[in-house]
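Overview (structure and organization)
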Amino acid sequence: MVRQLEMEAACDVLGVRKPVFLNCADQGIANDCQDSARVEIVRFLRDLKPDVVITFGPDGVSGHTDHVAIGEIATAAVREAGIRSLYYVLRSESLSTCCKPEVPVSPPPVTTVIDVSGFGERKLQAMRCYRSQKHLLAEDPAVIRGTINEPEHFHRALPAGFTGGREDQLLVPFS
C-alpha cells in the first residue's frame, strides 16, 4: 500500500491521471501473475486505445525481476491489443548507481532522446514522493543537477524495424 500511495502522489505532482494497479504482489510479478497481468493489461489497452505505450525494456532498467517481467508482459499485451507504437524506457544518466543490474543485459539502442530539463524540478519533486526508495535519491548537488537536466532516453520497439532516425518526441508519426 505504501508504494501505491507514493505512486499516486508522484502522479499528482506530474499532473497525470490516477494509475491503475495490478493485483500482483511486489517481488512476485515474474512468478505469480504473468498471465493474469497480461490479460488485464490487454483489456485496459483495448479500452483506452493509447497512441503510445512506454514500458521497461529487456534489462528492466535496473535488472529488477519485477521490472524485467512487467516489460515482457506489457510488450506481449501491446502486441495482443494491436497498439502500434511501443517505447522502452532506457537507463538514464540520472539513475542512481545503486540500480545497476546484477546480470548485465545489453539495452536496445537509443532511438529517442527527450529534453526534460524544463520539467526537472517537477521530476525531482515526483521522485521524492517515493520515500520508501530514498536510497535511490542522492542528495549530492551534482547528482541532483544531472537528475533534473539530463535528457531521458527511449528505444522505439514498435513498429518493428523503425528506421526513422533519432527522435526528439514520443509521438513521431510513422507509416
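Below is a short write-up of the structure. (Residues numbered from 1 in each chain as written. Predicted model: local features only at pLDDT ≥ 70, side-chain atom pairs only at ≥ 80, totals over all residues. Heavy atoms only, no water.)

This part covers the packing of helix α1 (residues 2–14) against helix α5 (residues 120–127). Running from N to C, α1 and α5 point in directions that differ by 165°, and their axes come no closer than 8 Å. With respect to α5, the element α1 is oriented roughly antiparallel. Remark: the crossing between α1 and α5 carries right-handed chirality. Judged by residue contacts, A10, V13 and L14 of α1 engage R122, Q125 and A126 from α5. In the contact of α1 with α5, the residues fall into 4 nonpolar, 1 polar and 1 charged. (Axes fitted to C-alpha atoms, helices over the stretch in contact; angles between N-to-C directions. Helix = DSSP H or I, 4+ residues; strand = E, 2+ residues; numbered from the N terminus. Parallel < 35°, antiparallel > 145°, perpendicular 65-115°, else oblique. Left-handed = near helix turned anticlockwise from the far one by under 90°. Contact = heavy atoms within 4.5 Å. Nonpolar A, V, L, I, M, F, W, Y, C, P; charged D, E, K, R; others polar.)

Here K18 shows up in the loop between α1 and α2 (29–32). Since its relative accessible area comes to 60%, K18 is described here as exposed. When the C-alpha positions of K18 and E8 are compared, they lie 6.3 Å apart, and in sequence the two are 10 residues distant. (Buried < 20%, exposed > 50% of the residue type's maximum accessible area, 1.4 Å probe, protein only.)

The next thing to look at is the sheet that holds strand β3 (residues 112–114). Judged by pairing direction, the sheet is mixed, and its 4 strands sit side by side in the order β1-β2-β4-β3 without closing on themselves. The open sheet has two edge strands with one neighbour each: β1 (53–56) and β3. Averaged over neighbouring strand pairs, the angle between their axes works out to 35° when direction is ignored. Across the sheet, helix α4 (residues 65–81) lies against β1, β2 (86–89) and β4 (152–158), angled at about 150° from β1, the strand it touches most. (Pairing = 2+ DSSP bridges.)

Two strands pair when backbone bridges link them, and β1 and β2 are joined in this way by 4 bridges, in the parallel orientation. Bridging across to β2, T55 finds its partner in Y88. The parallel pair β1 and β2 is bridged by α4, and the resulting crossover is right-handed. The pairing of β2 with β4 spans 4 bridges and is antiparallel. When the bridges of β4 are listed, Y87 appears paired with R156. (Right-handed = clockwise from strand over helix to strand, strands pointing away.)

On to the packing of α5 against helix α6 (residues 141–149), then. The contact between α5 and α6 brings their axes to 8 Å, and the two run at 110°. In terms of axis orientation, α5 runs roughly perpendicular to α6. Considering only the axes of α5 and α6, their crossing is right-handed. Only I144, T147 and I148 of α6 make contact with α5, whose side of the interface consists of G120, E121, K123, L124 and M127. When the residues that make up the contact of α5 with α6 are grouped by side-chain class, the tally is 4 nonpolar, 2 polar and 2 charged.

Let's shift gears to the pairing of β4. Within β4, 7 of the 7 residues are buried, leaving the element largely enclosed by the surrounding structure. Sheet topology note: the β3/β4 ladder contains 3 bridges and is antiparallel. Across the sheet, residue I114 finds its bridge partner in β4, namely E152.

Attention now goes to the environment of Q27. Along the polypeptide, Q27 turns up in the loop between α1 and α2. Residue class for Q27 comes out exposed when judged on its relative accessible area of 52%. Those residues in contact with Q27 that sit more than four places away from it in its chain are H64 and D66.

Here we take up the pattern of salt bridges. Scanning the model with the defined rule gives 5 salt bridges in all. With a closest N to O distance of 2.4 Å, K123 and E152 form a salt bridge. Highlighted residues: K123 in helix α5 and E152 in strand β4, separated in sequence by 29 residues. For the residue pair K123 and E152, the accessibility class agrees, reading buried in each case. (Salt bridge = Lys/Arg side-chain N within 4 Å of Asp/Glu carboxyl O.)

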